[in-house]
Amino acid sequence: MDVDAMKFLGFRAYTAQRAARTFLKYDEKSLKKLASIREDDQYIVTAREMTEELELIIKNDRETTLLTEDNSWDEDTLIEEAGGARAVINEREA
């Protein structure tokens, strides 16, 4: 899933970026391993195993992040919060 799509679905920008980096690191390792397999059946089995492993890695990362709260800096959220604060101030001044 693309970082922008994850942000659109409600993920914080930092969380989406971290998931994308995790995916890319694992994907590069997987490609190297799959490239060495010549037998079709073994390739399919290995690809499925790697997909399941990647799902677990991302799931565990997400659960760990939820438990420790993702408090990393996120400019999009800060901008939204600042815009909301301005609206409240403008209402009070009116």
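Caption draft 1: Just the overall build of the chain, in detail. When its secondary structure is counted, the chain shows 4 helices and 0 strands. The order of α-helices and β-strands along the chain, N terminus first, is α-α-α-α. With 94 residues in all, the chain has 19% of them scored as buried. By sequence separation, contacts in the chain at least 24 residues apart represent 55% of the contacts at least 6 residues apart. For the chain, the accessible area works out to roughly 7800 Å², and carbon and sulfur atoms hold 55% of it.

Caption draft 2: The arrangement of the environment of Ser30 in detail. Turning to its location among the elements, Ser30 is positioned in helix α2 (residues 13-35). Along the chain, Ser30 and Met50 lie 20 residues apart, while their C-alpha atoms are 6.9 Å from each other.

Caption draft 3: Expanded view of a negative patch on the surface. Negative charge collects at one region of the surface, where Glu49, Glu52, Glu53 and Glu55 lie side by side. Tracing the sequence through the fold places Glu55 in helix α3 (residues 40-68).

Caption draft 4: Expanded view of the confidence of the model for the chain. Per-residue confidence for the chain averages 78 on the pLDDT scale, and 67% of its residues sit at or above 70. When the elements of the chain are averaged for pLDDT, helix α4 (residues 75-93) gives the smallest value, 60, and helix α1 (residues 3-8) the largest, 87.

Rules and cut-offs
Residues numbered from 1 in each chain as written. Predicted model: local features only at pLDDT ≥ 70, side-chain atom pairs only at ≥ 80, totals over all residues. Heavy atoms only, no water. Helix = DSSP H or I, 4+ residues; strand = E, 2+ residues; numbered from the N terminus. Buried < 20%, exposed > 50% of the residue type's maximum accessible area, 1.4 Å probe, protein only. Contact = heavy atoms within 4.5 Å. Areas by Shrake-Rupley, 256 points an atom, 1.4 Å probe, with all protein chains shown as cover. Patch = residues over 30% accessible without salt bridge, like charges linked within 9 Å, V, L, I, M, F, W, Y side chains within 5 Å. Salt bridge = Lys/Arg side-chain N within 4 Å of Asp/Glu carboxyl O. Lys, Arg positive; Asp, Glu negative; His and termini not counted. Charge placed at Lys NZ, Arg CZ, Asp CG, Glu CD. pLDDT = per-residue confidence, 0-100.

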